[in-house]
Amino acid sequence: MRVFVIGANGFIGHHLIGRILSETNWDVSGIDVHSHRLVHHLQDDRFHFLEGDMRAHEAWIEERIKESDVVLPLVSIATPALYIREPLKVFELNFEENLKIIRTCVRHRKYLVFPSTSEVYGLCPDDELREDAGRHVFGNVESQRWIYGVSKHLLERVIWAYGIHEGLKFTIVRPFNWIGPGLDGADAARSGAARVVTQFIWNLLNGEPLRLVNGGEQRRCFTYISDGIDCLMAILGCKDARCHGQIFNIGNPSADLSIRELAGMIVGICGESPLRPKQLPVPGLIDVPHEVYYGPSYQDIPERKPSISKARDILGWTPKVGIEEALKTTVDFYLAEFIGSQKPPHSLNQD
Ligand code: UGA
């Protein structure tokens, strides 16, 4: 089988490629603007990689799509701070560029596995979010945060329509707060634009207080990356048409934490890690209104728990990694990764 991953160096992309190369005999092509997370794979004969911007390599991308069996367009800006700071970039990259890929898959009759997001449920108040029954409830237009979820939501609808009207073979997946090594880089965390787990680890390492947006009572279900990749691999390896035309939530409903609880766990795990620099002060938690943290056009999602019965019944998949282990592995990875990128030690006590 030949797989093509657009956004190969990203969080999901590099983990997926590592798994494909270590566990299958499939061929993988990839493109990304960066390659630092792929260094271990670049010499592999089964991995064909182009470093560059997808917008400058449309002909190369079309050739790879033509010769592939399955295409995963993983390129996306996926950090909420950037939805507020750069909404048009989110639309142009996440929506417009991915639409081109979808259309090329239609043209060449290729199987598309599309990574959507838990954010397509928006403010849906259901206790458990179900793929084929959950409602999609977005905030007002002034709240720029929704540009990400709405872009993905419309792409899902476009894919669905291509499936019905033009025979596109597809599977849509909705990841729920996947976490793990390689989630966000130091640059994102330094500017306060990383996702919450990496942001908190960065704050700890810099002796900064962990900032709980609007008090931190909002909840998320955190899914360890290896569980997410297990599910993607089950979809890619599926020998029949069971997954075609399906949407799957991929999340861990039992790893359901408030952001305040998450902060407490990360502080505890970090404190016990042998990798934590000894001189670090233990920072406190502070409440910050969202207007201060993100800006006025942010709106939060109070809670978000997936139903995963479809992935369980159709693919036999359930998550295996508990939240304690997921956070411990992630904290250890980032303590090692971020050391050297943090602020100089003399500034550690200033916050
Ligand atoms: C994420 C992102 O939109 C996408 O990465 C993704 O598609 C989707 O949801 C997902 O992974 O399922 P969100 O869960 O809000 O959105 O992302 P985070 O930035 O990790 O924030 C989680 C919560 O922590 C939010 O309520 C946020 O306000 C809060 N937060 C974040 C803090 O309280 N303090 C911080 O320093 C950072």
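Definitions and limits used
- Residues numbered from 1 in each chain as written.
- Predicted model: local features only at pLDDT ≥ 70, side-chain atom pairs only at ≥ 80, totals over all residues.
- Heavy atoms only, no water.
- 1 Å grid on protein atoms, 1.4 Å probe; cavity = no way out; pocket = protein on both sides within 12 Å on 5 of 7 lines; lining within 4 Å.
- Points joined across faces, edges and corners; volume = space filled by probe spheres on them.
- Helix = DSSP H or I, 4+ residues; strand = E, 2+ residues; numbered from the N terminus.
- Nonpolar A, V, L, I, M, F, W, Y, C, P; charged D, E, K, R; others polar.
- Near = heavy atom within 4 Å.
- Polar contact = N/O pair within 3.5 Å; in protein donor to acceptor, adjacent residues only side chain to side chain.
- Areas by Shrake-Rupley, 256 points an atom, 1.4 Å probe, with all protein chains shown as cover.
- Buried < 20%, exposed > 50% of the residue type's maximum accessible area, 1.4 Å probe, protein only.
- Contact = heavy atoms within 4.5 Å.
- Expected span 1.5 Å × (residues − 1).
- Salt bridge = Lys/Arg side-chain N within 4 Å of Asp/Glu carboxyl O.
- Pairing = 2+ DSSP bridges.
- Axes fitted to C-alpha atoms, helices over the stretch in contact; angles between N-to-C directions.

### What about the layout of surface pockets?
The rolling of a water-molecule-sized probe over the atoms marks out the regions of remaining empty space.
And step 1. Put simply, the second largest pocket is a space of about 180 Å³.
And step 2. No other element matches the 4 residues that helix 5 (residues 146-166) contributes to the lining of the second largest pocket.
And step 3. Looking at side-chain class alone, the lining of the second largest pocket contains 2 nonpolar, 3 polar and 5 charged residues.

### Points about the site of the ligand
And step 1. The full set close to the ligand counts 26 residues, and Ala-78, Tyr-83, Ser-118, Glu-119 and Arg-211 are the nearest of them.
And step 2. One of the side-chain N or O atoms of Arg-145 is found 3.0 Å from an oxygen atom in the ligand.
And step 3. Residue Asp-300 places a side-chain N or O atom 2.7 Å away from an oxygen atom belonging to the ligand.
And step 4. Within the complex, the protein chains bury 97% of what would otherwise be the 720 Å² of accessible surface of the ligand.
And step 5. Across the shell around the ligand, the residue classes break down as 14 nonpolar, 5 polar and 7 charged.

### Here's the deal with helix 7 (residues 196-205)
And step 1. With 9 of 10 residues buried, helix 7 lies mostly within the body of the structure.
And step 2. Burial in helix 7 covers these residues: Val-197, Thr-198, Gln-199, Phe-200, Ile-201, Trp-202, Asn-203, Leu-204 and Leu-205.
And step 3. Looking at the buried side of helix 7, the elements it contacts are strand 7 (178-179), helix 6 (186-190), strand 8 (210-213), helix 9 (259-272), helix 10 (290-293) and helix 12 (323-338).
And step 4. Two residues or fewer past helix 7, Gly-207 is found with a positive phi of approximately 65 degrees.

### Notes on helix 1 (residues 11-23)
And step 1. When the terminal C-alpha atoms of helix 1 are compared, their 19 Å separation across 13 residues agrees well with the 18 Å that a helix rising 1.5 Å per residue should span.
And step 2. Burial runs high along helix 1: 10 of the 13 residues are buried.

### Details of the pattern of salt bridges
And step 1. By the definition in use, this model includes 27 salt bridges.
And step 2. Between Arg-55 and Asp-53 there is a salt bridge whose closest N-O contact spans 3.0 Å.
And step 3. On the basis of relative accessible area, Asp-53 is assigned to the partly exposed category, the value being 26%.
And step 4. A salt bridge links Glu-97 to Lys-100, with the shortest nitrogen-to-oxygen separation between them at 3.1 Å. Here Lys-100 and Glu-97 lie together in helix 4 (residues 87-108), a separation of 3 residues that amounts to about one turn.
And step 5. The buried category is assigned to Glu-97, whose relative accessible area is 9%.
And step 6. Ionic contacts of the salt-bridge type, sharing partners, join the residues Arg-19, Glu-23, Asp-230 and Lys-320 into one network.

### Let's talk about the sheet that holds strand 4 (residues 70-73)
And step 1. Here we have 7 strands laid out as an open sheet, ordered 3-2-1-4-5-6-11, and parallel in their pairing. For this open sheet the edge positions go to strand 3 (47-51) and strand 11 (246-250), each flanked by a neighbour on one side alone. Across the sheet, the mean angle separating the axes of adjacent strands is 15 degrees when strand polarity is ignored.
And step 2. Judged from the 5 bridges that link them, strand 1 (residues 2-6) and strand 2 (residues 27-32) form a sheet pairing that is parallel.

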